[in-house]
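A structural walkthrough
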Amino acid sequence: MRESTMMDADTMVLPRLGPSEAGVEDPWGEDRPLGRSRAAARAATGAGRWRTAAWLVPALLAGGLGGAGLDTPRLRAEELATWRAATSSWRDALTGGEPASAPYHLLARASVELFGASDAALRLPSLLAVTAAVALVGVLAARLFTPGTGVLAGVLLAVLPTTTRYAQEAQPHAVALLAAVLATWLLLPVLDRPTVPRLVGYAGAVVLLGAAQPGALLLLAGHGWVVLAFRRRAAGRWSAAVLPGVLSVAALLASGGAGGFLPSGVRPDPAALAAAPRELFGVAALGLVLAGLALFSLPLRYAAAICTAWALVPALAMLLAAWVVPVWSPAGLFFTVPAWAVLGAVALTRLRAGWAVAGLAAIALIGAPAQPAGATAIRLIHAFFG
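Residues numbered from 1 in each chain as written. Predicted model: local features only at pLDDT ≥ 70, side-chain atom pairs only at ≥ 80, totals over all residues. Heavy atoms only, no water.

Our next topic: the side chain of Gln-371. Assignment of secondary structure puts Gln-371 in the loop between α17 (353-367) and α18 (372-385). The class for Gln-371 is buried, based on a relative accessible area of 8%. A distance of 2.7 Å separates a polar side-chain atom of Gln-371 from the backbone oxygen of Val-159. (Helix = DSSP H or I, 4+ residues; strand = E, 2+ residues; numbered from the N terminus. Buried < 20%, exposed > 50% of the residue type's maximum accessible area, 1.4 Å probe, protein only. Polar contact = N/O pair within 3.5 Å; in protein donor to acceptor, adjacent residues only side chain to side chain.)

Put into structure tokens, the structure is as follows:
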């Protein structure tokens, strides 16, 4: 039995989930049991009150920011292909464009059938997907850490300019974001106990992820790292769960060539890499702030390791692939932004409540000029005061 145990994640430097690992050194004190003190009881009561806020507050914020001006500006050039597919016949929506875009074009076609062909109706699936993704990030962070962390993570993701941008864009990035969050959320019970129903649910999320944006399947590299690091004995069952999603996407793209698996982009020269934080987060300074906060989310305990792998491993995989073919595209990594938001929230929760709120407000202010509503307000102020 001991040999079997040593063959699993106990051979890793990183700890595994479970009460048996309470002895692992944690300088932040996050692994220490609360006990039955009055303070612990009060904390449990407060946590219950925050669980609803963990998803509701971020969802309302994301929905409000994304819904404001959903029909302005007019459709961008990259949205015109979606408009053409959504306003054509069902057959043309399926076969008229790139195979990788067919599932999203069918979704857009259904949206137009239900809500009309206005710009706002065409962008409505993206708004709903972002709102649901932000809410689910709050739930995920609350499950991995605390309900307070869930509120901060969801709000932090909601106020990022790129979140609002893709909520107001008739492109598949928002749906891929939701699928990535859902897949990671469903990975947690698989890691805990990989039963058939849990594996089937996770496999369905992987199919949705690949159908929304084939390049987002790079998330599986991060999930695979987590499985190998913490649940090595479940690696075979995890591989079997992801195989249907990968094969279904491969079949979809068979007529379009292998290039559909990864986003089109550029080679990772210094200029392209330097522009990545701005393209991924909306403002370059926000990328630096979130990266700095992420450093304070360490050591790599089980929960933080999941988010770290989600944030970094897909980007590293794309970077390696980009040395062979020009596929480097920060927009194609938008599905990793929730992980950065969760890591940033973990760091903020280690501060006093006032400082955490101040830090969150500072992040919102830094990104405000890049928000569509913020940019409009700034233009009005400049026009008013000359």
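The discussion continues.
Take helix α12 (residues 235-253) next. With 19 residues, α12 should cover 27 Å at 1.5 Å per step; its first-to-last C-alpha distance of 26 Å lies within 8% of that length. At Val-242, α12 shows its largest kink, close to 30 degrees, and the proline Pro-244 lies no more than four residues downstream. Every buried residue of α12 is accounted for by Ala-235, Trp-238, Ala-241, Val-242, Gly-245, Val-249 and Leu-253. In the core, the buried residues of α12 are packed alongside α9 (173-192), α10 (196-212) and α11 (219-230). (Expected span 1.5 Å × (residues − 1). Bend = angle between axes of the 7 residues up to and from the residue. Contact = heavy atoms within 4.5 Å.)

Take the pattern of salt bridges next. This model, assessed by the stated rule, comprises 7 salt bridges. A salt bridge links Glu-113 to Arg-109; the nearest nitrogen and oxygen atoms lie 2.7 Å apart. With Glu-113 and Arg-109 both in helix α5 (residues 102-115), this residue pair falls 4 residues apart, about one helical turn. The residue Arg-198 makes a salt bridge to Asp-192 at a minimum N-O spacing of 3.8 Å. Asp-192 gets classed as exposed once you look at its relative accessible area, which sits at 52%. Each of Arg-76, Glu-79, Arg-123, Arg-165 and Glu-169 takes part in a single network of salt bridges with overlapping partners. (Salt bridge = Lys/Arg side-chain N within 4 Å of Asp/Glu carboxyl O.)

This part takes up the UniProt feature "transmembrane region" (unreviewed entry) in the protein chain. Under the feature "transmembrane region" (unreviewed entry), the UniProt entry names residues 174-191, 203-228, 240-260, 280-298, 305-325, 331-348 and 355-381. The span residues 203-228 shows a helical share of 77% and a strand share of 0%, and its end C-alpha atoms are spaced 18 Å apart. This span, residues 331-348, is 67% helix and 0% strand, and a straight line between its end C-alpha atoms measures 26 Å. (UniProt positions renumbered as here; feature names shortened; annotations may be inferred.)

Two elements in contact, α11 and α12, have axes whose closest approach is 10 Å; the angle formed by their N-to-C orientations is 165 degrees. On the basis of the axis angle, α11 is roughly antiparallel to α12. Both α11 and α12 take part in a crossing whose hand is right-handed. Listed contacts from α12 to Leu-220, His-223, Gly-224, Val-227 and Leu-228 of α11 are Ala-235, Trp-238, Val-242 and Val-246. (Axes fitted to C-alpha atoms, helices over the stretch in contact; angles between N-to-C directions. Parallel < 35°, antiparallel > 145°, perpendicular 65-115°, else oblique. Left-handed = near helix turned anticlockwise from the far one by under 90°.)

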